[in-house]
Amino acid sequence: PSLEKDLLPLYFGWFLAKRDEDSLRKTSHEFLEQLGNLKAFKKRLQAYGYEDKHKLDLLKHFAKTPNILHCTSKFCDYGKAAGSEEYSRQEVVKKSYSKGYTLHITSLFATPRTVGARVELTEEQLLLWPLDAEREVMPKDTFPRGSRAHLTLGTAAEVQDVQTGIDLLEFIKIQQAGRDGESLGELTGSVAGKVSYFDNGMWMVNLARKIEVKSIFSGYYG
Ligand code: A2P
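Residues numbered from 1 in each chain as written. Predicted model: local features only at pLDDT ≥ 70, side-chain atom pairs only at ≥ 80, totals over all residues. Heavy atoms only, no water.

Participant: Tell me about the pattern of salt bridges, and please be specific about residues and values.
Facilitator: Between side chains of opposite charge, a pair can form as their charged atoms come close. Within the structure shown, the criterion is met by 10 salt bridges. The partner of E136 in a salt bridge is R148, and the shortest N-O contact between them spans 3.1 Å. Placement of the pair is E136 in helix α7 (residues 133-137) and R148 in the loop between α7 and β5 (150-155), with a sequence separation of 12 residues. Its relative accessible area of 47% is what places E136 among the partly exposed residues. With a relative accessible area of 11%, R148 lands in the buried category. The shortest N-O distance in the salt bridge between R179 and D199 comes to 3.1 Å. Taken together, the residues span a long stretch of sequence, with R179 in the loop between α8 (163-176) and β6 (182-187) and D199 in the loop between β7 (193-197) and β8 (203-220) at a distance of 20 residues. A relative accessible area of 36% means that D199 is categorised as partly exposed. (Salt bridge = Lys/Arg side-chain N within 4 Å of Asp/Glu carboxyl O. Helix = DSSP H or I, 4+ residues; strand = E, 2+ residues; numbered from the N terminus. Buried < 20%, exposed > 50% of the residue type's maximum accessible area, 1.4 Å probe, protein only.)

Given below as structure tokens:
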């Protein structure tokens, strides 16, 4: 046996190709601009810590954006996170490393904490999804595998990126309880779709046309 141990990354995931990353950042701006201009949104600013009379600039509210847009599959913390070695040793992980994948974005969402894109994983992509990814952050609930798959597009100051997936599961939990949110308008253009409001400043647009982005499955070691 070799004395050298494989280096484990901070996380494994799908990293967007540059062109699609640039275009998704623009889409995210478009989403926040249109959402922020909705009458229904302006009437419900309290959850974001603003009084009605103030104008909340969502682009400024989400002060932090990730350096590289990506969909995390497994957070390893360089090997410190539970299950990271087992994950990286899987044949499917090794064989998929540096392969290209198309990610399908079905909705965009914003909460007072995070803005993100929900990713619908294909059967093939689900093979790279850890069995306990949902349970890890919401141990008391059950979710279909892959429910947490997302791209963090931005976070409010002081909020960690990991919050985006937790916020997404919060939306799905409400939907699982049979509530589909209050239908409060529509967005147009590249972010066309119905807007639903889920209380506590939680907004989601179900995209009329899914957004497809090219990505590469890899590890981030930075
Ligand atoms: P996300 O996947 O929601 O964007 P950080 O910079 O905080 O170390 O995180 C690096 C990446 O790993 C981010 O993409 C982040 O969130 C994700 N991440 C951080 N902690 C966890 C965790 N406990 N479980 C899953 N993903 C995590």
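Participant: Could you give an account of the site of the ligand, naming the residues involved and the relevant values?
Facilitator: L10, Y11, H70, T72, F75, E136, R148, H150, T152, Q160, D161 and V162 make up every residue found near the ligand. Separating an oxygen atom of the ligand from a side-chain N or O atom of H70 is a distance of 2.5 Å. One nitrogen or oxygen atom from the side chain of H150 is found 2.6 Å from an oxygen atom belonging to the ligand. In the complex, 77% of the free accessible area of the ligand, which totals 540 Å², lies under the protein chains. Of all the secondary structure elements, the ones that give two or more residues to the shell around the ligand are β2 (70-75) and β5. For the shell around the ligand, the element with the most residues is β2, which contributes three residues. Tallied by class, the residues present in the shell around the ligand amount to four nonpolar, five polar and three charged. (Near = heavy atom within 4 Å. Polar contact = N/O pair within 3.5 Å; in protein donor to acceptor, adjacent residues only side chain to side chain. Areas by Shrake-Rupley, 256 points an atom, 1.4 Å probe, with all protein chains shown as cover. Nonpolar A, V, L, I, M, F, W, Y, C, P; charged D, E, K, R; others polar.)

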